[in-house]
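Results of the structural survey
So you can see what is in the structure, the chains are spelled out below.
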Amino acid sequence: RAADLWEIFHGSPIIVGCFEDSDAEAVFEPLASRGMAFDDKAVPELIDQTGGVPVLVSAVLHLLYESPDPDTTITVEEVRAAAENVITEQRELLDALWEDCTAEMKADLADLTQRDLRASEIPEDRLIRLDRRGLVRKEGKKIRSSCRLMNRFADGQAGEVGSLQRLFGENAQFDHNVRG
């Protein structure tokens, strides 16, 4: 979005959403070609860790693909280890996803590290944007984090976001603090 050519040639950006169940065969094809398969609980773990966010799914799958032991069944533990590796060694992916969020969305994600939110606490348009990114899901009247990787990342950012929210989150606070 910071690029000079953003939306000059095409006013409506193409949105690449999260992977869905129908994408699974194509997404897992490179691993299947090596004789690798997922056990029953590994795919749900992959989705829980990544929220289906394409860049995060790709990063985790790439690490699994590089396993020295092809012709194996990928377990929940291996998915968790690969996700942990993404947090420690590919943090720039999470940084980019974080920076793509507005300040309000960051505050919502930081709040979700502490508790589930009520659907009424987040405006509908913001909820839709967070959901499309694969970062939250609505379950009844509750909003929950749907990407453990981003939840852990947001937990580390909560202090920064909390300070801004505390200083500028409401009109009276904004009016009082903006001049300073």
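Since the model is a prediction, treat every value here as computed from it, not as a measurement. Per chain, residue numbering runs from 1 following the sequence as it is written. Thresholds applied to this predicted model are a pLDDT of at least 70 for local features of residues and 80 or more for the giving and counting of side-chain atom pairs; totals over whole chains, interfaces and linings are not thresholded and use all residues. With hydrogens and water stripped out, all remaining heavy atoms of the structure feed into the side-chain values.

1. Observations concerning the state of the cysteines
Any two cysteine sulfur atoms within 2.5 Å of one another count as a disulfide. Per the counting criterion, the structure on display carries 0 disulfides. Free cysteine: Cys18, not disulfide-bonded; nearest cysteine sulfur from Cys147 at 8.4 Å.

2. Concerning the pattern of salt bridges
Put simply, a salt bridge is a Lys or Arg side-chain nitrogen that is within 4 Å of an Asp or Glu carboxyl oxygen. Under the defined criterion, the tally for this structure stands at 13 salt bridges. When the shortest N-O distance is used, the salt bridge between Arg152 and Glu84 registers 2.7 Å. Of this pair, Arg152 sits in helix 8 (residues 148–168) while Glu84 is found in helix 4 (residues 76–89), placing the two residues 68 residues apart along the sequence. Put simply, Glu45, Asp48, Arg80 and Arg148 are held in one network by salt bridges that share partners. Secondary structure follows DSSP: runs of H or I at least 4 residues long count as helices, runs of E at least 2 residues long count as strands, and numbering of each begins at the N terminus.

3. What about the packing of helix 2 (residues 42–50) against helix 4?
A fitted line through C-alpha atoms serves as each axis, taken over the contacting stretch for helices, and the angle formed by two N-to-C directions is quoted from 0 to 180°. Viewed as axis vectors pointing N to C, helix 2 and helix 4 meet at an angle of 20°, and their least axial separation amounts to 8 Å. As far as their axial angle goes, helix 4 and helix 2 are roughly parallel. Considering how the two elements wind past one another, helix 2 and helix 4 form a crossing that is right-handed. On helix 4, the residues that touch Ala42, Glu45, Leu46 and Gln49 of helix 2 are Val76, Val79, Arg80 and Ala83. For the contact of helix 2 with helix 4, the per-class residue count stands at 5 nonpolar, 1 polar and 2 charged. Oblique is the label for any angle not covered by the other classes, which are roughly parallel (under 35 degrees), roughly antiparallel (over 145) and roughly perpendicular (65 to 115). Left-handed describes a crossing in which the near helix is turned anticlockwise from the far one by less than a right angle; the clockwise case is right-handed. Residue contacts are defined here by distance: any two heavy atoms, one from each residue, within 4.5 Å place the two residues in contact. In the scheme used here, Gly and all other residues not listed as nonpolar or charged are polar, with Ala, Val, Leu, Ile, Met, Phe, Trp, Tyr, Cys and Pro taken as nonpolar and Asp, Glu, Lys and Arg as charged.

4. Quick look at a negative patch on the surface
Patches here are clusters of residues that have more than 30% relative accessible area and form no salt bridge, with a 9 Å joining cutoff for like charges and a 5 Å cutoff for nonpolar side chains (Val, Leu, Ile, Met, Phe, Trp, Tyr). Surface accessibility in these figures is a Shrake-Rupley result with a 1.4 Å probe; residues are shielded only by whichever protein chains are displayed. Working convention for charge: Lys and Arg count positive, Asp and Glu count negative, and His plus the chain ends are omitted. The atom standing in for a charge is NZ when the residue is Lys, CZ when it is Arg, CG when it is Asp and CD when it is Glu. Negative charge collects at one region of the surface, where Asp69, Asp71, Glu77 and Glu78 lie side by side. Locating Glu77 in the fold gives a position in helix 4.

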